[in-house]
Amino acid sequence: MEALQKCAGIIRSSGTVAFPTETVYGLGANALDVSAVKKIFKAKGRPGDNPLILHIAKTDDVEKYALSFSDAAKLLAKIFWPGPISLILPRNTKVPDTVTGGLDTVAFRIPSNNIARELIALSGVPIAAPSANLSGKPSTTEGTHVIEDLYGKVDAIIDAGKCMVGLESTVVDMVSSPPAVLRPGGIPFDKIKMIIPNLQKQYSTSEDQPPRSPGMKYRHYSPEASVIIVNGPDNETMKKINSLTRQNSRSGVLCSLETIDNYECINKICIGSRKNSEEIAANIFDSLRMFDKLDVDVIYSEYFGDGSMGDAIMNRLIKASSDIIGL
Ligand code: TXA
Ligand code: MG
């Protein structure tokens, strides 16, 4: 409690605090203070046109910073907040351009993690926070990951162990018509579509179209080794990966509990059970980071598209990868 008071004081006096949320760790600063927000971009090495999410403590706070809050958006907030969903709404002039990358919209989220909510409430201001990783690296889901990436670059780090969900919030654009999910995440698309029947998927990272979510155009989530995804039936994937790893002793394999015994390679990491996509989601960033500790320069990964978190898992894995081999 005392430590949280101290961190809230740092936020109020223009500092940066890395804090846990149920999705991933966030790197927070007072969203209303331009000089504080600039420190986030600097610490992460993040491009200035990539907007930040406003983390708030209660739904009523939306009205303070949004130009409008539609009934559909209110319904999503009522059902899914606190939780891993960010709602993009039209912003008012209290939100600095630095937070939104100059866009006239802003994303809001109430995290369900108690430490995060307490920190926001004690700070008394909305906290702008991207994931607390160096730009381009896998997001951080353990305090130790944050220390690896940001120690010495931020004013405080709250280490509260492992994040439950393990990948970021679902980003829903409630300004566009029809509304669209721009980034798959902690709340599956189908669950939101049950509430908003005309909801669209807009995850594309197409080069020739300006991305609607600026973060989608950057290479992301990459460990030091390159990642190559192999997508095919289990026994063909096994044969292919074994033949590839035989040719390079500095290779690794990212695989599941069900298939790990198929691989000859010694640098193999189990991401979880194929029967449990929540478990795979919770481990994806940690698994990618674990390869940085091994002596590998290429990681061959299985495909993990099944289950309710499959979309979100593969969105992150594909962005981390340099190639996909289809069998
Ligand atoms: O779970 C999460 O969302 C975590 C935790 C810390 O809350 N935060 C997070 O922030 O993942 P960040 O900055 O790493 O990713 C936010 C994504 C980016 O792809 C950004 O481009 C998009 O949301 N975004 C934010 N505001 C937007 C806006 N107004 N319009 C379109 N996209 C937006
Ligand atoms: Mg991020």
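Predicted model only: the values in this text are computed from it and were never measured.

## Side note on the confidence of the model for the protein chain
Within the protein chain, residue pLDDT values average 95, and 95% of them lie at 70 or more. This model gives residues 206-210 a pLDDT under 50, and the stretch forms one contact once residues within four places in sequence are excluded.

## A few points about the packing of aromatic side chains
As enumerated under the stated definition, the model contains one aromatic pair in all. Between the aromatic rings of Tyr221 and Phe285, the centroid separation amounts to 5.2 Å while the plane-to-plane angle is 35°, which identifies the pairing as tilted. Note that Tyr221 is positioned in the loop between strand S10 (200-201) and strand S11 (226-231) and Phe285 in helix H10 (residues 277-291), a separation of 64 residues in sequence. Each member of the pair Tyr221 and Phe285 is classed as buried. Positioned above the aromatic ring of Tyr65 is the side chain of Lys94, whose terminal nitrogen or guanidinium carbon lies 5.9 Å from the ring centre. Geometry around Phe189 places Lys201 over its ring, the cationic atom sitting 5.0 Å from the centre.

## Notes on the sheet that holds strand S6 (residues 127-128)
By definition, the strands of a sheet pair up through backbone hydrogen bonds, in either a parallel or an antiparallel sense. Taken together, the 10 strands give an open sheet; going across it, the order is S7-S1-S2-S6-S3-S5-S4-S8-S9-S10, and neighbouring strands pair in mixed fashion. With partners counted over all chains shown, the strands left at the sheet margins are strand S7 (156-157) and S10, one partner each. Where strand S8 (residues 170-173) meets strand S9 (residues 180-183), three bridges bridge the pair, whose relative direction is antiparallel. Counterpart to Asp173 in the pairing with S9 is Ala180.

## Re the site of ligand 1
Taken together, 27 residues sit near ligand 1, with Thr23, Arg46, Asn50, His55 and Ser169 positioned nearest. In this structure, Thr105 approaches ligand 1 through a side-chain N or O atom, which is 3.0 Å from a nitrogen atom. Between ligand 1 and Ser169, the relevant distance is 2.5 Å, taken from an oxygen atom to a side-chain nitrogen or oxygen of the residue. Across the complex, the protein chains shield 97% of the 680 Å² of accessible surface that ligand 1 would expose by itself. Among the secondary structure elements, those contributing two or more residues to the shell around ligand 1 are strand S3 (53-55), strand S5 (105-109) and S9. Considering each element in turn, the shell around ligand 1 owes the most residues, four residues, to S5. Its residues assigned to classes, the shell around ligand 1 comprises 13 nonpolar, nine polar and five charged.

So, how was this worked out
Residues numbered from 1 in each chain as written. Chains lettered and ligands numbered in written order. Predicted model: local features only at pLDDT ≥ 70, side-chain atom pairs only at ≥ 80, totals over all residues. Heavy atoms only, no water. pLDDT = per-residue confidence, 0-100. Contact = heavy atoms within 4.5 Å. Phe/Tyr/Trp six-rings, centres within 6.5 Å; stacked < 30°, edge-to-face > 60°. Helix = DSSP H or I, 4+ residues; strand = E, 2+ residues; numbered from the N terminus. Buried < 20%, exposed > 50% of the residue type's maximum accessible area, 1.4 Å probe, protein only. Lys NZ or Arg CZ within 6 Å of the ring centre and 35° of its normal. Pairing = 2+ DSSP bridges. Near = heavy atom within 4 Å. Polar contact = N/O pair within 3.5 Å; in protein donor to acceptor, adjacent residues only side chain to side chain. Areas by Shrake-Rupley, 256 points an atom, 1.4 Å probe, with all protein chains shown as cover. Nonpolar A, V, L, I, M, F, W, Y, C, P; charged D, E, K, R; others polar.

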